[in-house]
Structure formats: structure tokens, C-alpha cells
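The chain contents come next:
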Amino acid sequence: MKGHTGRVALVCLLGGLASVGPARAGDQASIERGGYLFAAGDCIACHTDQKNHGAPLAGGPALATPFGTFFAPNITADPENGIGRWSEDDFRRALREGRGKGGEYLYPVFPYTSFTGMTDRDIADLYAYIMAQPASPQPNRPNQARFPFGFRPLLLGWRILFFRAGPLQPAADESADWNRGRYLSEAVAHCGECHTPRNFLGALESGRAMAGNPDGPDKQKAPNVTPDPETGLGKWSLEDIEYLLDTGIKPDGDVVGSGMADVTRGTGKLTKADRHAIAVYLKSLPPLRATGK
Amino acid sequence: MKFRGRTIGFLVAGTMLALAGGYAVAADTTPAEIVKMRHDHMKDDIGASFKAIIDQLKTGMPDKKIVGDAAAKMAAMSRELPKWFPKGSGPESGVKTLAKAEIWTTPDDFKAAADKLTVETDKLVQVAATGDVAALADQVKATGGACQGCHKPFREPPPPAN
């Protein structure tokens, strides 16, 4: 009997440890991995109003699109205005399926079309990181979707036409670098969301992947990053691309100054190996002439 | 010591050149000429110097003299940079320019961003003289950050053709 009580006590103790002690240690590693993905994905750029010194992740500046003006919401752990009540499953559903906590369809201005490619583990790590950041009660600003896009159920049609849920499956016949580069470029860093042109319904034109977008977010022009020698990165070495991702400095001594300045602040935190992988992947793309207008 | 003399020489020469440029601006110069002048400065002086440093860095064995000279030129030019943006040479002039109106509507922010380039390029000059490649790489990155710190808020993104 005594032995039994002891075992129960031990089990209780272990149970308690599992939910506090060792779990915390596990969380810490997860949070760190999540922070890395967070930098690669440049979540800050849309979800923080940096220009007005807004609280981190408490909601972004206006993002003008042909379908209206959108405000990336508060994604801090605040239970009222943030995602504090979201479980990891809720979070995964948003990234993997583009659906909110209530199951509603999210606007693809949130690039779930790319994030869907992420692995479950990476999504869990990202969730751990975001939940570990300071909460802010900042209220969300309502989106100003153009008619008729304010009616979310319409997004179902768009999804049927343009959305394929992930995760991204590695290509067995390609190198580890290439696969890692594709994963980072296509899923986590969602490069195509700016660098691939969109059709009249705002979906990425997969046949013109990374060929540049003259109508990027906030009317910024995103250049061709395929290896086309005239209008793309054809004359750039792998090292040139890696250096740009590290520093934001182009081979001609100029710097990227628009949205890409934020992106390179994130990619500058990646490992050299990961920047190399992205460069390898970009150089492997079919060279396409820049998307003109 | 020899190096320091050269640096000062560059600073003086750069300042004099830029002053000469400054006087030209003060005279009857059209906005189009001003835009071309600053574009040339940005590209041929600051950009080309920075490229020279980066090219050296990418060799893995940067030449101290090339890097030091280029850094000194950038530091000198950074002090002149605000003068390349006289009132009336922005987008309202009708001349095609990537300079944003915010340069003149938030002059203190613009000045602070320009000063930051001076701070970082002065450090670049110092680091270049030490021959420490890792420190140089870090300082080049910091300098690039200073470029971005001004280009992001104050320059329209250039056309996408690379």
C-alpha cells in the first residue's frame, strides 16, 4: 500500500513536471525554432505598424490591394483582440487551410496559400514563438474590402479554383539544398506572394512564378527573381543572392529599400546554409522574362 | 599614420568637390539638373564606392587600400548628401525622381537618416584600417542598413528591371 501511494505520488509529481518543468524546456527550444521561422517569414512586416511605432504584432498598417484595403490583425496572445484564445490546432488551421478560429475563410491577403506548405512541426514552433511574445490589447481595424469581396463565403469559389492545401512534399530527385530552398522560398518566406504576378482574381500565376510583379502590395514593384539574364537574376552569382539576403545590398552597391528591406532584415538572421539553399532554388527556376505592363 | 593622412586628404578633397557642387546648386540650376546631379553622386560616388568594398569583401581577402579609400569617399559624400536635396527638387517639380516628398515634409527625420550614414561610414573607415575582415563584413552590413534607413522611407522603389 505504501508502495502504491509512493507510485501515485511519483506519477503525480512526474505529471506535474511534465506540464511545467520539462515541458517548459521543450517549449524553449520550440520557441527558438519558431523565432527563426518568424524572421524568415517576416511576419512583422504585415502585423506590426512599424512606421508609427506600433506594438509588435499588434496589427499592421493599411495594405492596399485591388480588392480593398486590409489591416493585418493583432496576433499577440491578447485574449480579446489577439489570438490568445487560439489553440495550436486553430493556428495550424489558419496557416494550413486559411480559416479563422470560427472556421471562416480568411482573405488570401494573409498568405496561407504559401504557409500551407509548412510542416506541422514548423507551424507548432511558430505558434510557440508568437504565444511567447508580449500581448497587446490593441483593437483590430476593420478591413475595407471592395464590393462584393466583403462577403467572405465568396472566397469558397476562389479556394476551389486556386487553393491546394499542403504541406509541401520534398522532391526526391532534387538536392537537400534545393528542397530546403524551395521550402523556405515557397512556404515560409512566401517570396512568390510579392514576386509572382497575379491574375485578375488575385491568384498567383503559377506559370509565371517569381517573374516579377508590377502590381505588388501597396503598389510596389517586385522584380523578376528568376534566372533570366536580362530582366532577372541571371547575371547574379549564388553568392550575390546570398549576400543580398544577408545584408540587403545588391551587387552594384545599391540597397533594397522598399518591402524587401524588411524581408532582408529577416533573412539576414538565417543561417548561411539556408540563404545558400534559397539562392540554389532561385537559380534553378525556369528563366522567364520580367512581367511587363 | 600614412593611412590617416590619406583619409584626411580624401575627406578634404571630397568636401571641396561637394562644396563646389553645392555652389552649383545654389546658382540657377534647374530641378532636372539637380536630380541628375544627385543621381550621379548616389550612383558614381556612394554606390560605386560601396560596390568596390563589397567586391573586395567577396574575394575573402579584401585589399586594405581599396577598401579604405572607398570608405573614406563614402564618409565624405555622406556629409554632402543633404545638400543634394534642395527644396523644389522633389516630385512636385515635375521632374522624374524617386525622391519622396517626405524628404521635405519631415526634414528632421531625413537629416537623422543622413547623419546615420555618416556615423556608419566613419566607423567603416576605422574598421577598414584595422584589416579585420569579419569586423569589416559586419560594418558593411551596418552601412547597408544606414542606406536602407533612408531609402525605405524616402525613396520610391526603383523600376523592377535589374
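Residues numbered from 1 in each chain as written. Chains lettered and ligands numbered in written order. Predicted model: local features only at pLDDT ≥ 70, side-chain atom pairs only at ≥ 80, totals over all residues. Heavy atoms only, no water.

### Thoughts on helix 2 (residues 31-59) of chain B
Residue and element names in this part refer to chain B. Its 29 residues place the ends of helix 2 40 Å apart at the C-alpha level, agreeing with the 42 Å of an ideal helix rising 1.5 Å per residue. At Gly-47, helix 2 shows its strongest bend, of approximately 35 degrees. Of the residues flanking the end of helix 2, it is Gly-60, one or two places downstream, whose phi is positive at about 85 degrees. (Helix = DSSP H or I, 4+ residues; strand = E, 2+ residues; numbered from the N terminus. Expected span 1.5 Å × (residues − 1). Bend = angle between axes of the 7 residues up to and from the residue.)

### Some points on unusual backbone geometry
All names here are of chain A. Of the consecutive residues Phe-147 and Pro-148, the connecting peptide bond is found in the cis state with omega at 0 degrees. Of note, Pro-148 is situated in the loop between strand 3 (144-145) and helix 7 (155-162). Omega for the bond connecting Gly-166 with Pro-167 falls within 30 degrees of zero, at 5 degrees, which places this linkage in the cis form. Looking at the element boundaries, Pro-167 is found in the loop between helix 7 and helix 8 (176-188).

### Focus on the nonpolar core
Residues Phe91(A), Leu95(A), Met118(A), Leu126(A), Ile130(A) and Leu282(A) are the most contacted members of the largest nonpolar core, which totals 43 residues. Only helix 2 (21-41), helix 4 (88-97), helix 6 (120-131), helix 8, helix 10 (238-247) and helix 12 (272-284) of chain A provide two or more residues apiece to this core. Here this core takes 6 residues from helix 6 of chain A, the largest share from any one element. No fewer than three residues from each of domain 1 (28-162) and domain 2 (176-284) of chain A sit in this core. Excluding anything up to four places from it in sequence, Ile130(A) contacts Phe38(A), Ile75(A), Ile83(A) and Phe91(A). Core analysis: the next-biggest nonpolar cluster, separate from the first, contains 37 residues, Ile53(B), Leu57(B), Ala71(B) and Phe154(B) among them. (Core = buried A, V, L, I, M, F, W, Y, C linked by side-chain atoms within 4.5 Å. Buried < 20%, exposed > 50% of the residue type's maximum accessible area, 1.4 Å probe, protein only. Domains from an automatic or database assignment. Contact = heavy atoms within 4.5 Å.)

### Overview of the sheet that holds strand 3 of chain A
Residue and element names in this part refer to chain A. Spatially, 3 strands are ordered 1-2-3 in an open sheet, and the strand pairing comes out antiparallel. Either end of the sheet is taken by a strand with one partner, and the two such strands are strand 1 (62-65) and strand 3. Pairing of strand 1 with strand 2 (residues 68-71) involves 4 bridges; the strand directions are antiparallel. For Ala-62, the partnering residue across the bridge sits in strand 2 and is Phe-71. (Pairing = 2+ DSSP bridges.)

### Quick notes on the environment of Asp69(B)
Within the secondary structure, Asp69(B) is located in helix 3 (residues 64-80). Looking at Asp69(B), the relative accessible area reads 14%, which means it is buried.

### Focus: the interface of chain A and chain B
Across the boundary between the two partners, chain A contributes 31 residues, which contact 19 residues of chain B. Note on chain A versus chain B: buried area summed over both sides is about 2000 Å², and carbon and sulfur give 54% of it. The interface formed by chain A and chain B includes 4 salt bridges. In this structure, the connection of chain A to chain B is made through 9 residue pairs in polar contact (both at pLDDT 80 or more). Going through the elements one at a time, helix 10 and helix 11 (259-267) of chain A are the ones with two or more residues in the side of chain A that touches chain B. Counting residues per element, the side of chain A that touches chain B draws most heavily on helix 10 of chain A, at 5 residues. Of the residues contributing to the side of chain A that touches chain B, the split by class is 10 nonpolar, 11 polar and 10 charged. (Buried area = accessible area lost by both parts, 1.4 Å probe. Salt bridge = Lys/Arg side-chain N within 4 Å of Asp/Glu carboxyl O. Polar contact = N/O pair within 3.5 Å; in protein donor to acceptor, adjacent residues only side chain to side chain. Nonpolar A, V, L, I, M, F, W, Y, C, P; charged D, E, K, R; others polar.)

### A word on the packing of helix 10 of chain A against helix 2 of chain B
The N-to-C vectors of helix 10 of chain A and helix 2 of chain B enclose an angle of 115 degrees; their axes lie 12 Å apart at closest approach. Judged by the angle between their axes, helix 10 of chain A and helix 2 of chain B are roughly perpendicular. In terms of crossing hand, the pair formed by helix 10 of chain A and helix 2 of chain B is right-handed. For the pair helix 10 of chain A and helix 2 of chain B, the contacting residues are Glu239(A), Asp240(A) and Tyr243(A) in the first and Ile54(B), Leu57(B) and Lys58(B) in the second. (Axes fitted to C-alpha atoms, helices over the stretch in contact; angles between N-to-C directions. Parallel < 35°, antiparallel > 145°, perpendicular 65-115°, else oblique. Left-handed = near helix turned anticlockwise from the far one by under 90°.)

### Things to note about the domain arrangement of chain A
Residue and element names in this part refer to chain A. By domain assignment, chain A separates into domain 1 (28-162) and domain 2 (176-284). Look at where the C-alpha atoms of domain 1 and domain 2 centre, and you get two points 22 Å apart. Facing the 23 residues of domain 1 at the interface are 23 residues of domain 2. Summing the contributions of domain 1 and of domain 2, the shared interface buries around 1900 Å²; its carbon and sulfur component is 59%. By the criterion of area lost to domain 2, the three top residues of domain 1 are Tyr-36, Ala-40 and Ser-114, representing 27% of everything that side buries. Counting the contacts that link domain 1 with domain 2 gives 0 salt bridges. Taken together, the links from domain 1 to domain 2 amount to 9 residue pairs in polar contact (both at pLDDT 80 or more).

### Digging into the packing of aromatic side chains
All names here are of chain A. Under the criterion given, the structure shown has 12 aromatic pairs over all chains. Relative to Tyr-129, the ring of Phe-38 lies with its centre 4.8 Å away and its plane at 45 degrees, an arrangement referred to as tilted. One end of the pair, Phe-38, is in helix 2; the other, Tyr-129, is in helix 6, with 91 residues separating them in the sequence. As far as the burial class goes, Phe-38 and Tyr-129 line up, both buried. With 5.0 Å between their ring centres and 75 degrees between their planes, Tyr-112 and Phe-163 make a pair best called edge-to-face. (Phe/Tyr/Trp six-rings, centres within 6.5 Å; stacked < 30°, edge-to-face > 60°.)

### What to know about the side chain of Asp125(A)
Residue and element names in this part refer to chain A. Assignment of secondary structure puts Asp-125 in helix 6. Judged by relative accessible area, Asp-125 falls into the buried class, the value being 2%. Those residues within four positions of Asp-125 in sequence are excluded, and the remaining contacts are Ser-30, Arg-33, Gly-34 and Leu-37.

### As for the side chain of Thr76(A)
Residues and elements named next belong to chain A. Mapped onto the elements, Thr-76 comes out in the loop between strand 2 and helix 4. On the accessibility criterion, Thr-76 (2% relative accessible area) is buried. The residues contacting Thr-76, other than those within four sequence positions of it, are Pro-56, Leu-57, Ala-58, Gly-82, Ile-83, Gly-84, Pro-134, Ala-135 and Ser-136.

### Some thoughts on the confidence of the model for chain B
Model confidence for chain B is summarised by a mean pLDDT of 86, while 80% of its residues fall at 70 or above. Segment residues 17-25 of chain B is flagged for pLDDT under 50; beyond a separation of four residues in sequence, or across chains, it makes 7 contacts in the model. (pLDDT = per-residue confidence, 0-100.)

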